[in-house]
Amino acid sequence: MSERPATPHTGAERYLAIRRPVEVGYWLITYLLSGVGNSVTTWMDVERLGLDYAAWEVASWEGSSAIALLMLVPAMVWFTARWPVHLDNWRRRLPLYAAASVVWSLLHVGLMVAIRKLVYAWHGGTYVFGDAFVYEYLKDARTFLGLVVVLHGYRLLVRRLQGEASLLAAPDDDSAPVEPVERPSRFLVRKLGREFLVAADDIEWVQAAGNYANLHVRGKVYPLRSTLGELESRLDATRFLRVHRSHLVNADRIASIEPLDSGDARIHLHDGTIVPCSRRHREPLRLAMAR
């Protein structure tokens, strides 16, 4: 009989276990409430001012904006994860984020106008957007900034809950470092005010996530602020093998390698995890495992 997975006990672990559904639910509920709430308040303004607009028109204005924003959430999540902002790089990131805000606004307006045109056509009318992009961008820029703050703040909270790894710091005096920086054998993990050590040998696989490398250890994930290439150069190359542009695997944790017709492969770890292996890394992996 296979062992049942351990039931999470702490509030943090319980939340992390349902993190993805909660995140999806958050965005769905947020933009549902936004679309409905803005439609109601706009309709109240239309009634108060005695404007000649139908209820479906008002609903299409606000609903299309909310739907377009919801459609752009995955792109926003990817962008902020791929190029995160930190205290030491925000000046370099500022031009990139400024340009991204313009692209994001163009996409938002384009999707929003397309939805409105479809709704108006359904009712036998024609929707004309006009030259209001500057006005829309000024609103979108504030929304874009708010999303950047929310996503970065949320990721910071999640890292605190699940634990964030770092290299051991050198001592303040002139004595030898606790760990060699070029080949660390342990990592320091800070989690909810506690600190503990994770041995490099206990890392089962590593996945790139923007400027972070997620260390997978016994079913838990600890983000390390490092690119995958930087981390790969510091780990034992005979043990940690590059199998994909965004994955490293501890060779001791590999149970089997499943070739695919495409030339790629699937790596099955002892704990049942499946890690992708790209075509270009398949033969080097086979040779490394043979040795």
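As shown above, the structure is provided for reference.
Residues numbered from 1 in each chain as written. Predicted model: local features only at pLDDT ≥ 70, side-chain atom pairs only at ≥ 80, totals over all residues. Heavy atoms only, no water.

## Considering the pattern of salt bridges
Phase 1 of the analysis: Throughout the structure, instances matching the rule amount to 15 salt bridges.
Phase 2 of the analysis: One salt bridge connects Asp202 with Arg253, and the closest N-O pair in it is separated by 3.8 Å. Placement of the pair is Asp202 in the loop between strand 3 (194–199) and strand 4 (205–209) and Arg253 in the loop between strand 8 (247–250) and strand 9 (254–259), with a sequence separation of 51 residues.
Phase 3 of the analysis: Between Glu232 and Arg242 there is a salt bridge, with the nearest N and O atoms lying 2.9 Å from each other. Of this pair, Glu232 sits in helix 6 (residues 228–234) while Arg242 is found in strand 7 (residues 240–244), placing the two residues 10 residues apart along the sequence.
Phase 4 of the analysis: By relative accessible area, which is 28% here, Glu232 ends up partly exposed.
Phase 5 of the analysis: Taking the relative accessible area as the measure of exposure, Arg242 reaches 21% and is therefore partly exposed.
Phase 6 of the analysis: The network of salt bridges with shared partners includes Arg19, Arg20 and Glu23. (Salt bridge = Lys/Arg side-chain N within 4 Å of Asp/Glu carboxyl O. Helix = DSSP H or I, 4+ residues; strand = E, 2+ residues; numbered from the N terminus. Buried < 20%, exposed > 50% of the residue type's maximum accessible area, 1.4 Å probe, protein only.)

## A closer look at the sheet that holds strand 10 (residues 265–269)
Phase 1 of the analysis: Sheet architecture is open: 3 strands sit in the order 9-10-11, paired in antiparallel fashion. Each of the sheet's edge strands pairs with one partner strand only, and the pair in question is strand 9 and strand 11 (274–277). Within the sheet, the average angular offset between the axes of one strand and its neighbour, ignoring direction, is 25°.
Phase 2 of the analysis: Packing of helix 7 (residues 279–290) onto the sheet brings it into contact with strand 9, strand 10 and strand 11, and relative to strand 9 it is tilted by some 135°. (Pairing = 2+ DSSP bridges. Axes fitted to C-alpha atoms, helices over the stretch in contact; angles between N-to-C directions. Contact = heavy atoms within 4.5 Å.)

## Considerations on the side chain of Ser166
Phase 1 of the analysis: Note that Ser166 resides in strand 1 (residues 164–167).
Phase 2 of the analysis: At 3.1 Å, the side chain of Ser166 forms a polar contact with the side chain of Arg190.
Phase 3 of the analysis: Each residue touching Ser166, except ones within four places of it in the same chain, is listed here: Phe187, Leu188, Arg190 and Leu224. (Polar contact = N/O pair within 3.5 Å; in protein donor to acceptor, adjacent residues only side chain to side chain.)

## Regarding the environment of Leu260
Phase 1 of the analysis: With respect to the helices and strands, the residue Leu260 is situated in the loop between strand 9 and strand 10.
Phase 2 of the analysis: Along the chain, Leu260 and Trp104 lie 156 residues apart, while their C-alpha atoms are 38 Å from each other.
Phase 3 of the analysis: Among residues more than four places away in sequence, those in contact with Leu260 are Ala265, Arg266 and Arg282.

## Brief notes about the nonpolar core
Phase 1 of the analysis: Phe187, Ile203, Val206, Leu215, Tyr222, Leu231 and Leu235 are the most contacted members of the largest nonpolar core, which totals 17 residues.
Phase 2 of the analysis: Where this core is concerned, the elements lending two or more residues are strand 2 (186–191), strand 5 (212–217), strand 6 (220–224) and helix 6.
Phase 3 of the analysis: No other element matches the 3 residues that strand 5 contributes to this core. (Core = buried A, V, L, I, M, F, W, Y, C linked by side-chain atoms within 4.5 Å.)

## With respect to the packing of helix 4 (residues 90–122) against helix 5 (residues 133–162)
Phase 1 of the analysis: Orientation of helix 4 relative to helix 5, taken along the N-to-C sense of each, is 115°, at an axis distance of 9 Å. Pair helix 4 / helix 5 crosses with right-handed handedness. From helix 4, Tyr97, Ala98, Ala100, Ser101, Val102, Trp104, Ser105, Leu106, His108, Val109 and Met112 reach across to helix 5, where they touch Phe133, Glu136, Tyr137, Asp140, Thr143, Phe144, Leu147, Val148 and His152.
Phase 2 of the analysis: Looking at the contact of helix 4 with helix 5 residue by residue, the classes come out as 13 nonpolar, 5 polar and 2 charged. (Left-handed = near helix turned anticlockwise from the far one by under 90°. Nonpolar A, V, L, I, M, F, W, Y, C, P; charged D, E, K, R; others polar.)

## What about the pairing of strand 2?
Phase 1 of the analysis: Judged from the 4 bridges that link them, strand 1 and strand 2 form a sheet pairing that is antiparallel. What sits directly across from Leu167, in strand 2, is Phe187.
Phase 2 of the analysis: If you look at the hairpin formed by strand 2 and strand 3, you'll find 2 residues sitting between the two strands, and Leu192 has a positive phi there, around 50°.

## Focus on unusual backbone geometry
Phase 1 of the analysis: Phi is positive for Arg218, which is not a glycine, with a value near 50°.
Phase 2 of the analysis: With respect to the helices, strands and loops of the structure, Arg218 is situated in the loop between strand 5 and strand 6.
Phase 3 of the analysis: You can call Arg218 exposed: its relative accessible area is 61%.

## A short note on the side chain of Ser65
Phase 1 of the analysis: If you trace the backbone, Ser65 turns up in helix 3 (residues 55–82).
Phase 2 of the analysis: Under the relative-accessibility criterion, Ser65 is labelled buried at 16%.
Phase 3 of the analysis: Once residues within four sequence positions are removed from consideration, Ser65 is found in contact with His108 and Met112.

## So, helix 5
Phase 1 of the analysis: The end-to-end C-alpha distance of helix 5, which contains 30 residues, comes to 42 Å, matching closely the 44 Å that a straight helix rising 1.5 Å per residue would cover.
Phase 2 of the analysis: Taken together, the buried positions of helix 5 are Glu136, Asp140, Phe144, Leu147, Val148, Leu151, His152, Arg155, Val158, Arg159, Leu161 and Gln162.
Phase 3 of the analysis: Among the residues trailing helix 5, Gly163 stands out with phi positive, at a value near 100°. (Expected span 1.5 Å × (residues − 1).)

## What about the packing of helix 2 (residues 19–49) against helix 5?
Phase 1 of the analysis: Two elements in contact, helix 2 and helix 5, have axes whose closest approach is 14 Å; the angle formed by their N-to-C orientations is 160°. The angle between helix 2 and helix 5 falls in the class roughly antiparallel. The element helix 2 and its partner helix 5 pack so that their crossing is right-handed. In this structure, helix 2 contributes Arg19, Glu23, Tyr26, Trp27 and Tyr31 to the contact, and helix 5 contributes Leu147, Val150, Leu151, Tyr154, Val158 and Gln162.
Phase 2 of the analysis: Residue composition of the contact of helix 2 with helix 5, grouped by class: 8 nonpolar, 1 polar and 2 charged. (Parallel < 35°, antiparallel > 145°, perpendicular 65-115°, else oblique.)

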